[in-house]
Amino acid sequence: MTVRIAVIGAGLMGADHARIVAEDLPGAHLQVVCDMDADRACKVADTYGAHDVDSDPDRVAARQDVDAVIIASPDFTHAPLSLSCIRAGKRALCEKPLSQSSQECLEIMQAEEAAGKKFIMLGFMRRFDQSYVEMKQALEHGAIGRALMMHNFHRNVATPASDFTGAMAITNSAPHEFDVVRHVLDTEYVSISAFQPKRSDSLVAPVYMVLETADEQLVNIEINNNAAYGYDVRAELVGEKATIAMNAVNYTRIDRELGQSTSYQADWRSRYAEAYRRQNRAFIRFVETGVFPNNASSSWDGYCAAKVAEAGVRALNDGCKIPVEMIAKPEFYA
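Residues numbered from 1 in each chain as written. Predicted model: local features only at pLDDT ≥ 70, side-chain atom pairs only at ≥ 80, totals over all residues. Heavy atoms only, no water.

This part takes up the domain arrangement of the protein chain. Taken domain by domain, the protein chain comprises domain 1 (3-126 + 274-297) and domain 2 (129-271 + 307-323). Taken together, the 17 residues of domain 1 in the interface contact 20 residues of domain 2. Here domain 1 meets domain 2 over a buried area of about 1,700 Å², counting both sides, of which 50% is carbon and sulfur. Between the two partners, domain 1 and domain 2, sit 1 salt bridge. Between Glu177 and Arg126 there is a salt bridge, and its shortest N-O distance comes to 2.5 Å. Counting residues per element, the ones that place at least two in the side of domain 1 that touches domain 2 are α1 (12-24) and α10 (273-289). (Domains from an automatic or database assignment. Contact = heavy atoms within 4.5 Å. Buried area = accessible area lost by both parts, 1.4 Å probe. Salt bridge = Lys/Arg side-chain N within 4 Å of Asp/Glu carboxyl O. Helix = DSSP H or I, 4+ residues; strand = E, 2+ residues; numbered from the N terminus.)

Written out as structure tokens, the structure is:
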């Protein structure tokens, strides 16, 4: 069976997904590239050998020559396009966030429950990164004892837009940490506090969050969107018996002039290339078998990330600890 994939969105993320489908997914074929910008869609389609291009994402979801969809369009389109895929009976890999509105996430969950099956796999690719895989295994196998704390930081060279704010750091950047920490610790958050220092210039300053879990663990997350020196993500899981920390991914170092140096990537694409490949292969298996991958993020996880982000924005704005209040996990997502 060849799985015919439509990629919706031909920007940076969409082009990357199109490349993975074309080059790294045995059993998958890049059928359609869809974008409102016809020239951009044609460029990606020509580069990676897509069968067709289209400009209407809802029409693409309903096409008979499309078996599954990858949603890599702007964030505000993710929820409505996910619903379109559910209505069309097409499984979709949706880039994060599912929505920045927890209410929209609930609507997607309700649509899946009404359909009686899961359709949406959410693109929290860090669950497939070897560093986090090994952290979760160390915890599950008792190698570090009971987990007490998890330290995380996520640094970018510069903000993606001049009007980027601290609140956007919480809703756009931090959801990766919100999700993967929940996944590693296998618990939920009960509260969040958020702080922001003052920079000497007009750039958005780092946001520092402290979260408490239902299992009485502490999690801290630093989001620094103007770190300047490079793309840098690290984590350390602290247990009662030992700790496990993520190593920086560097293939070489330079020794010269009485010193030693390594380099940083400019963005996430090289650092998480293998995680994306693993994620997308898991998605193809989901399409082929109907069995949702054990370590993948579902619509429920998208809802959880949105609820934590909403509480985090309130905590930043109000200057106080805010409870994270979620509905009980539906049996459908258990």
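Still to come is the rest of the account.
This part covers the packing of aromatic side chains. The final tally for this structure, using the stated rule, is 4 aromatic pairs. Ring geometry for Phe286 against Phe292: centres 5.2 Å apart, planes inclined by 80°, an arrangement best described as edge-to-face. For the pair shown, Phe286 and Phe292 are each scored as buried. Consider the rings of Trp300 and Tyr303, whose centres lie 5.4 Å apart with planes at 35°: the pair is tilted. One end of the pair is Trp300 and the other is Tyr303, both in helix α11 (residues 299-318) and 3 residues apart, which spans about a single turn. In this structure, Lys118 is placed above the aromatic ring of Phe292, and the distance from its NZ or CZ to the ring centre is 5.0 Å. The ring of Tyr272 has Arg271 lying over it, and the distance from NZ or CZ to the ring centre is 4.5 Å. (Phe/Tyr/Trp six-rings, centres within 6.5 Å; stacked < 30°, edge-to-face > 60°. Buried < 20%, exposed > 50% of the residue type's maximum accessible area, 1.4 Å probe, protein only. Lys NZ or Arg CZ within 6 Å of the ring centre and 35° of its normal.)

Right, let's get into helix α2 (residues 38-48). By the burial criterion, the buried members of α2 are Ala41, Val44 and Ala45. Along the axis of α2, the buried positions cluster into a sector of 100°, meaning they face one direction only. Exposed residues on α2 whose side chains face more than 90 degrees from its buried face are Asp39, Lys43, Asp46 and Thr47. Contacts from the buried residues of α2 go to α1, β2 (28-34) and β3 (52-54). The opening residue of α2 is Asp37, an N-cap whose side-chain oxygen sits 3.1 Å from the backbone nitrogen of Asp39. Downstream of α2 by a residue or two, Gly49 has a phi angle that is positive, lying close to 70°. (Arc of directions from axis to C-beta. Polar contact = N/O pair within 3.5 Å; in protein donor to acceptor, adjacent residues only side chain to side chain.)

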